[in-house]
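# Close look at the chain arrangement
Here's the letter readout for the chains.
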Amino acid sequence: MKRHVLWFVAGLALSSASHAKPAAKPKKPAPAPAASAAPAAPAPPAAPTPPTLRLGTEAKPARVSAELTVVPTADTFDGVIDIELVVREPLPVLWLNADELTISRAEAVAGTSTIPGKVITTPKDFVGIAFEQPLPAGGARVHIEYKGKLTTRDSSGASKQKEGDEWYVYTHFEPLAARRVFPCFDEPSFKVPWKLTLKVRSTDLAFANTPVARESDAGGGMKRVEFAQTKPLPSYLVAWAVGPFEVVDAGKAKKSGTPVRIITPKGLAAQAHWAAESSAPALDALEEYFGTDYPYGKLDVISVPLFGGAMENPGLVTFTARLVLNPPEAESIGRKRAYAEVAVHEFAHQWFGDLVTTAWWDDLWLNEAFATWMEPKIVARWQPTWGAEEERVQTRNGAMEADRLVSARMIRQSIKSNDDVENAFDGITYSKGASVIAMFERWIGPEVFQKGVRRYLREHANGNGTAQDFLQALSAEAGKDITPAFSTFLDQSGVPLLSVDVKCDAGKTPSLKLHQERYLPEGAEGVQADAQTWQIPVCVRWKAGKNDGRACTLFTERDGEMPLTGATSCPDWVVPNEHATGYYRSLLGGGQLARLLADGGKELTVEERLGLASDLYALVRAGKVPYADALAVVPKLAQDKSRFVMNIAIDLVAGLRDGQLIPEAVQPSYARFIRENFGPAAHRLGWLPKKGEDEDTRLLRGRLLRLMADQGEDPQFVSEARRLASVWTRNHQLVDPDVVDAVLHVAAETGSRSLFDTWHEAARKEKDRRERNRLLEALGAFTDPSVVQEALKLSLSDEFDPRETSRLLFAASRRPATRPLAYAFVKTNFDALVARLPRDSGARFPFIGTSFCDEEHRADVEAFFKDRSTKFTGGPRLLTQALESMRQCAAFRKAQEASVAGFFTTAKASVN
């Protein structure tokens, strides 16, 4: 929709006739003829109409040049920006995005004329430049001088952060924060070349998306660093950093020869060893998949101390320091794998998201779902022993957990406000989107899918793409239109539940009767299960005697039948979701599921065992299977050699107590069940690593032993954890890094005030941010009420950065003994907490209450946060989802508590 702006320039001559009023009628006749009435004062100029969400189309940028003066110890920076425009029609007011910028000068150059501009500073997120005369159609250049803030509260915008004794400045702009640094066209569809120059202290280093083109002395202890012009970029992908950094050479990509570097704060270069070792190989694997060279001139990975994740800025990818930095002697397997997976994700964006950028935030999934899907795809090629396919299934299971909510977003959700933009960065966009991509890749075939990806990138390189563009490219290579089927998953929320019954009629080929509806757990309200259908690619495996086979179909109706071609007798078993690739829950009729899992699923792949065990728990949540039936398969799952399956077994029992499903009377039986079924593996592993054991064993150890010590109440594991915690406190290098977190948490759960004080003091003195955060997390695990109160107070003290201590609140809220204290603390100190934390952090505080599993607390959370959540971007939807989670939990508890209690009161509960 085109936005019309009406603006009258002051001083423009107006026709008096059109604005004249008749003279007032005199009360008495005048002795002489009345003088003619004077013309009325001209009406004031109409106020310009500002944008509400998106900028207008009257003008668009063609190129941007910006010079910033940045000193990390200062609180502000100075900026000058020149935006070359293409003006489509005479333009009296140019609207740009801006937030917390103070503009001192604005003017435009059109042809040979310089046209002064007046700044309009409202509404929020926008600035208007009203010109003394409209800019003519054609080319123009807008020049703006301004000042911005270097924030210590946020990690977005331009943030100043301290590491050791030095200050640094980093940027993070996605999705709506470039406007805090540049007055600009801050939307993804405005994709243009940028030319950056940074004026910095002579002792600092400066980095941006592109290599340095020229560096010169600027006088007064300053220098000017000019960077090469970028390829076309949207504002949210522009990035820079300033400070006394160190640079680690990480080699070059084999195919393109792209130089790779790791950028760290001063004195920490040695801790970037794994990032330096693994980044180039990850890039090599991606170049091979995409079939083209890395599209930018360099690849710098920069470590950011206070940052929650990673960001795909082309040429300057930002990572949380927790992923990049680690002393070699304290390196954990989990941390190494986490960096590698995130590196694949962010590097994949260099093609899918950067080279081709989504046109608007409703297609954010094109970026994030694709990069999430790429993680196991590339890791499996690069590190085949890491269980990437099992990780894929875990991602799918997590997506379905988020998608169980009636209030869950669609993958491709319309964007009507900034709230919608912020809410788009969730598990639906990332994990559900990735899982749907994996399902359709399998349907059309990996090689065909890869050709479609390459086609899409080739056709839209250095531009923008949409869902339609992507699906058209895939369809063109597949030779069939996949858009209708794919769109049923893109454009509606929820998870399909596929009921599968074996049909074996004499003289006929065996078949499967299929029925689909929406999966709805207990407590779901406001939607009917049969109100939706999907076009589902369904692939099954079966076995009949010595014969086995598979069958696939695109299931488009509510009810249908699928022949098992090749089966000559009724199948012994059917796997309703081959390799757990399909994005649907399955309900096997006739006791089939129990038969598949009765022997631990020996006939199944690990992916299928993971998928079916997750489906089993989902069916329990939906009230279709009693919890006792799920618990009955735990003994076999707990013997599985796969750590992924073992973790599913742990999930089935670990949440019972926290979900208030274990009454006090059956607590001893519950703990004994855990010890008897998980004890053999736990005792075999022990707290100390053994020579020659594989990485999966080391990754499982911490969670398994924590289960034994906590819910299993095994005194041997508790005692050993306390001993190791004491050892670690004295010397961090004497405890295996893969179990440190579990050790500290077990020790804290029954720890004294003395231990709390010891760790508190250690955290104050700890200079290594990773170890300090580890200690702060452990301080949130104490259960003694008086100690918990002291821990919670740290979130309001100035001893630590609030972004570090906020983890204490959420850690305390997840434990039954401490959640009331954490919730009460947040309610009492809400305003003080949100004033210290990054803007809009208050949107997530309702989740402090979601560990409560009753309607009374749900009502209290709603009453407290109802008005408060509206003050934070994204807050209303997050509150809705928190409340729905609590409602479902309460309904689930009510429906299953008798089944759980009955299971643990029988003698069979402790028999393997």
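Quick notes on the rules
Residues numbered from 1 in each chain as written. Predicted model: local features only at pLDDT ≥ 70, side-chain atom pairs only at ≥ 80, totals over all residues. Heavy atoms only, no water. Pairing = 2+ DSSP bridges. Helix = DSSP H or I, 4+ residues; strand = E, 2+ residues; numbered from the N terminus. Axes fitted to C-alpha atoms, helices over the stretch in contact; angles between N-to-C directions. Contact = heavy atoms within 4.5 Å. Disulfide = S-S within 2.5 Å. Buried < 20%, exposed > 50% of the residue type's maximum accessible area, 1.4 Å probe, protein only. Phe/Tyr/Trp six-rings, centres within 6.5 Å; stacked < 30°, edge-to-face > 60°. Parallel < 35°, antiparallel > 145°, perpendicular 65-115°, else oblique. Left-handed = near helix turned anticlockwise from the far one by under 90°. Nonpolar A, V, L, I, M, F, W, Y, C, P; charged D, E, K, R; others polar.

A sheet is described by the order of its strands in space; here four strands give the open sequence β8-β9-β14-β11, paired in antiparallel fashion. Either end of the sheet is taken by a strand with one partner, and the two such strands are β8 (157-163) and β11 (205-208). Averaged over all neighbouring strand pairs, the angle between strand axes comes to 15 degrees, with direction disregarded. Of the pairings in the sheet, the one linking β8 to strand β9 (residues 166-172) comprises seven bridges and is antiparallel in character.

In this structure, Q667 sits in helix α17 (residues 667-685). When sequence neighbours within four positions are dropped, the list of residues in contact with Q667 reads R657, I662, Q711 and E713.

Here the focus is the sheet that holds strand β25 (residues 547-555). The strand order across the open sheet built from three strands is β25-β24-β27, with neighbouring strands paired in antiparallel fashion. Both edges of this open sheet fall to β25 and β27 (573-575), since each of them pairs with a single strand only. Within the sheet, the average angular offset between the axes of one strand and its neighbour, ignoring direction, is 20 degrees. Of the strand pairs in this sheet, strand β24 (residues 536-544) and β25 are connected by nine bridges, and their pairing is antiparallel. Considered in β25, the bridge of C539 is made with C552.

To continue, consider the state of the cysteines. One pass over the full model with this rule turns up three disulfides. Paired through a disulfide, C504 and C570 show a sulfur-sulfur distance of 2.0 Å. Its torsion about the S-S bond being 80 degrees, the disulfide of C504 and C570 is classed as right-handed. With C504 in the loop between β22 (496-503) and β23 (511-518) and C570 in the loop between β26 (559-563) and β27, this pair connects stretches of sequence that are 66 residues apart. A relative accessible area of 33% places C504 in the partly exposed class. Classification of C570 as partly exposed rests on a relative accessible area of 41%. Sulfur-sulfur distance for the disulfide between C853 and C889 comes to 2.0 Å. On the sign convention where negative is left-handed, the bridge of C853 and C889, at about -110 degrees about the S-S bond, is left-handed. In this pair, C853 is assigned in the loop between α25 (819-836) and α26 (855-865) and C889 in helix α27 (residues 875-905), connecting sequence segments 36 residues apart. Listing the disulfide partners of the protein by sequence rank of the bonded cysteines yields 1-4, 2-3, 5-6.

Moving on, we come to the pairing of strand β16 (residues 259-264). Both strand β15 (residues 246-252) and β16 contribute to a ladder of five bridges, which runs antiparallel. Bridged to V247 within β16 is I263. Connecting β15 to the next strand, β16, in antiparallel fashion are six residues, including G257 with a positive phi near 75 degrees. Where β16 lies against strand β17 (residues 299-304), four bridges are found, and the strand directions are parallel. Within β17, the residue paired with R261 across the bridge is D300.

Evaluated as defined, the whole model comprises 47 aromatic pairs. Judged by centre distance (6.2 Å) and plane angle (65 degrees), the ring pair of W365 and F470 falls under edge-to-face. A residue pair is termed long-range when its members are at least 10 positions apart, and W365 in helix α5 (residues 364-382) and F470 in helix α10 (residues 467-478) qualify at 105 residues. As far as burial versus exposure is concerned, W365 and F470 are alike and both buried. Relative to F864, the ring of F830 has its centre 5.8 Å away and its plane inclined at 90 degrees; by these criteria the two rings are edge-to-face. Note that F830 is positioned in helix α25 and F864 in helix α26, a separation of 34 residues in sequence. Exposure remark for F830: the relative accessible area of 4% places this residue in the buried category.

The next point concerns the packing of helix α18 (residues 695-709) against helix α20 (residues 740-749). Two quantities define a packed helix pair, namely the angle between the helix axes and the distance between the axes. Between α18 and α20, the least distance of the axes is 9 Å, while the angle of their chain directions is 15 degrees. Compared by their axis directions, α18 and α20 come out roughly parallel. Where α18 crosses over α20, the two elements pack in a sense that is right-handed. Of α20, the residues touching α18 (which contributes G702, R706 and A709) are A742, H745, V746 and E749. Looking at the contact of α18 with α20 residue by residue, the class counts come to three nonpolar, two polar and two charged.

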